[in-house]
Amino acid sequence: MSLKELQESFIKAFDSGQEKNQFTQFVKAKHLLSAEKGFSIYLNSIRGGLTSGLSIVFPACKNIVGEDFFNKMALSYIQETPSYSPDVGEYGKYFSEFIKRFPPASHLSYLSDVAKLEWAWHKAFNGLDAKSLDFAKLQDIDVEETNNIQFFMPENASLIESEYPILHIWTISQDDYQGDEVVHLEEGGEYLIVWRKGLEVFIERLTEPQWQLLQAIQMGKTISEIANEFSGDLTQLLPELTSCGWVTDFEVES
Amino acid sequence: MKAEGRAQTQQSIYGVGVGLRPQHFSYIFKHRPKVPWFEILTDNYLVDGGPMLSRLEKIRADYPIVMHGVGLSIGSTDPLNINYLKKIRQLMEFIHPTFVSDHLCWSSIHGRYFHELLPLPYTEEALNHVVARVEQVQEILGTQILLENVSSYITYRESTMTEWEFLTEISKKSGCLILLDINNIYVSAYNHHFDCQKYLNHIPVDRVAQFHMAGCKDYKNYLLDSHGESIQSPVLNLYQQAIKRFGAIPTSLERDNNIPEFNVLFNEAQQLQEMMNECIYVA
Ligand SMILES: [Fe+2]
């Protein structure tokens, strides 16, 4: 057995979830601790560690469905989602997508979007610090080049669109929330931006024109491209987004 | 990233430090407890920005820091994860830690991470493999690293050495130092029926730079390295033996589950500090 073979056999053993497997053949049995038991301690520890990692990033989802349901959902995610980063904080990247296809959660149609919101919060929390827009530099741009300006949102920001009132659902699902716990799904959907300014993460509702403009900016469109397809008033909206801190940088496309 | 005056140089550490946990940030900022140094979980701070780094910077202004990681996967047969090492190096430049440590184990293969400290077989092949990688890591990080003995629940048929022989050889051949986790020795000795004292006696005194102390849980057929309760008394006894052999080695108290109020950890660290003082006095 080479070291590589031993390590490769662990992948198969882990994915099979069986206590008797190729890996345990390499393991020495002990008086009180069989090879299978030894392996199962690792299997459970890995699953437990990833589950608690997910519950730290998705506390509102956990509060909505309860601990047992959450743990089952996490286990199912773990069984189909390998981790490809040493950073366990990256592991929840596909959780929202997974919830959408997780049959036992199908009656909770909004849950996947709440997970998306929590993931955006997590990314904003640990993401790059937002800059503030350099107005002096902006004024230096030649008039003929203004059409080629491409604006940027803060790198830590995400845009989320949902058919459901997920900000309200998220708010009442916080650990420390006190107050009325009723949400009517008929309250309707929303457009949100999640971002961090200084040390604080913000979740804010956007109007439809704000949302459309930010989406165009996120797609990397230039001012002239946006002006051609955008029906709203750019001269009013753009300063509005800037003053909110949602547009923080620009480049001139050549 | 800026670093404040005092933080710009590496500081020597003494006595019993405490594992820094986010739950305790506000207490520490408010009360500035008399802890000689803190040990951080490196991986929690390999982020691009935000509150974690700014809080760490604030702590660093008042306390020396050691960095303790879990993602290195030094025993993996994959190539080293250079991106991960770059992030570690960046964090080192930011906080100037006294030590940088990780575990003598493997946790990834074919790019898949298990986020677990899996034990290695103690063979010549694994020894040579790890030695070469430690040399590479020390080159990239520009510093001597510390490797910690892990708790384990399995051993391998192919092993030809004891764990203490393996650990010692790795340290001697690669030039890395040892972070000796006293609780891990106790846990593994129970699970694999070896003698803790023999383990301690075989580790060369000049290779140990740091101790770990933590709690474990008794499942009758085995002990689990749970880090969720206070230190077991046999581990305290073993700590005494370790101080007698190795001297007043900087020790950190680790707690990762059922995290209590800071004061509880502080008092437990004080207890270890007293044991350390007593042993020095007797010596
Ligand atoms: Fe440890």
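Refer to the preceding data block for the structure.
The rules behind each value
Residues numbered from 1 in each chain as written. Chains lettered and ligands numbered in written order. Predicted model: local features only at pLDDT ≥ 70, side-chain atom pairs only at ≥ 80, totals over all residues. Heavy atoms only, no water. Helix = DSSP H or I, 4+ residues; strand = E, 2+ residues; numbered from the N terminus. Rg over C-alpha atoms; globule rule 2.2 N^0.38 Å. Contact = heavy atoms within 4.5 Å. Areas by Shrake-Rupley, 256 points an atom, 1.4 Å probe, with all protein chains shown as cover. Lys, Arg positive; Asp, Glu negative; His and termini not counted. Charge placed at Lys NZ, Arg CZ, Asp CG, Glu CD. 1 Å grid on protein atoms, 1.4 Å probe; cavity = no way out; pocket = protein on both sides within 12 Å on 5 of 7 lines; lining within 4 Å. Points joined across faces, edges and corners; volume = space filled by probe spheres on them. Pairing = 2+ DSSP bridges. Axes fitted to C-alpha atoms, helices over the stretch in contact; angles between N-to-C directions. Buried < 20%, exposed > 50% of the residue type's maximum accessible area, 1.4 Å probe, protein only. Salt bridge = Lys/Arg side-chain N within 4 Å of Asp/Glu carboxyl O.

### Details of the overall build of chain B
Okay, step 1: Scanning chain B for helices and strands turns up 9 helices and 12 strands.
Okay, step 2: Radius of gyration (C-alpha) of chain B: 18 Å, near the 19 Å computed for a compact globule of 283 residues.
Okay, step 3: Each of the three principal axes of chain B carries a C-alpha extent, and together these read 50 × 45 × 35 Å.
Okay, step 4: Counting contacts in chain B only where the partners sit at least 6 residues apart, residues at least 24 apart contribute 80% of the total.
Okay, step 5: Working note: accessible area of chain B is about 11,200 Å², and carbon and sulfur atoms make up 48% of it.
Okay, step 6: Computing the positive centroid from 24 side-chain charges and the negative centroid from 31, chain B places the two 5 Å apart.

### A closer look at empty space enclosed by the protein
Residues and elements named next belong to chain B.
Okay, step 1: If you walk through the whole model with that rule in mind, you get 7 cavities of 30 Å³ or more.
Okay, step 2: Quantified by volume, the largest cavity comes out at close to 80 Å³.
Okay, step 3: What lines the largest cavity is a set of 13 residues, among which Leu 72, Ile 88, Val 100, Ser 101 and Asp 102 lie closest to the centre.
Okay, step 4: Looking at the lining of the largest cavity, the elements that each hand over two or more residues are helix 3 (82-95), strand 4 (100-103) and helix 4 (124-141).

### Looking at unusual backbone geometry
Residues and elements named next belong to chain B.
Okay, step 1: One non-glycine residue, Ser 73, lies in the positive phi region at around 55 degrees.
Okay, step 2: By secondary structure assignment, the location of Ser 73 is in the loop between strand 3 (65-68) and helix 3.
Okay, step 3: In this structure, Asn 258 takes a positive phi of about 45 degrees despite not being glycine.
Okay, step 4: Relative to the elements of secondary structure, Asn 258 occurs in the loop between strand 12 (251-253) and helix 9 (262-282).

### Regarding the sheet that holds strand 4 of chain B
All names here are of chain B.
Okay, step 1: Taken in spatial order, the 8 strands of this closed barrel run 1-2-3-4-7-8-9-12, and their pairing is parallel. Adjacent strand axes in the sheet meet at a mean angle of 30 degrees when their direction is disregarded.
Okay, step 2: Two strands pair when backbone bridges link them, and strand 8 (residues 177-181) and strand 9 (residues 208-213) are joined in this way by 4 bridges, in the parallel orientation. Among the inter-strand pairings, Asp 181 is bridged to a residue of strand 9, identified as His 212.

### Looking at the side chain of Arg47(A)
Residues and elements named next belong to chain A.
Okay, step 1: For Arg 47, the location among the structural elements is in helix 2 (residues 35-57).
Okay, step 2: The buried charged residue Arg 47 lacks any salt bridge partner; its closest oppositely charged side chain belongs to Glu 19, at an N-O distance of 8.1 Å.
Okay, step 3: Look past the residues within four positions of Arg 47 in its chain and what remains in contact with it is Gly 17, Leu 75, Ile 78 and Gln 79.

### Considering the sheet that holds strand 4 (residues 200-206) of chain A
Strand pairing in a sheet is mediated by backbone hydrogen bonds. Such pairs are either parallel or antiparallel.
Residue and element names in this part refer to chain A.
Okay, step 1: The antiparallel open sheet is built from 3 strands, whose spatial order is 2-3-4. Since the sheet does not close on itself, it has two edges, and those belong to strand 2 (158-162) and strand 4, each with one partner. Neighbouring strand axes in the sheet, compared pairwise and without regard to direction, differ in orientation by 25 degrees on average.
Okay, step 2: In this structure, strand 2 lies alongside strand 3 (residues 190-197), joined through 5 bridges in antiparallel fashion. Bridging from a neighbouring strand, Ser 162 pairs with Glu 190 of strand 3.
Okay, step 3: Docked against the sheet, helix 9 (residues 208-218) engages strand 2, strand 3 and strand 4, running at close to 130 degrees with respect to strand 2.

Geometry only, nothing functional implied.
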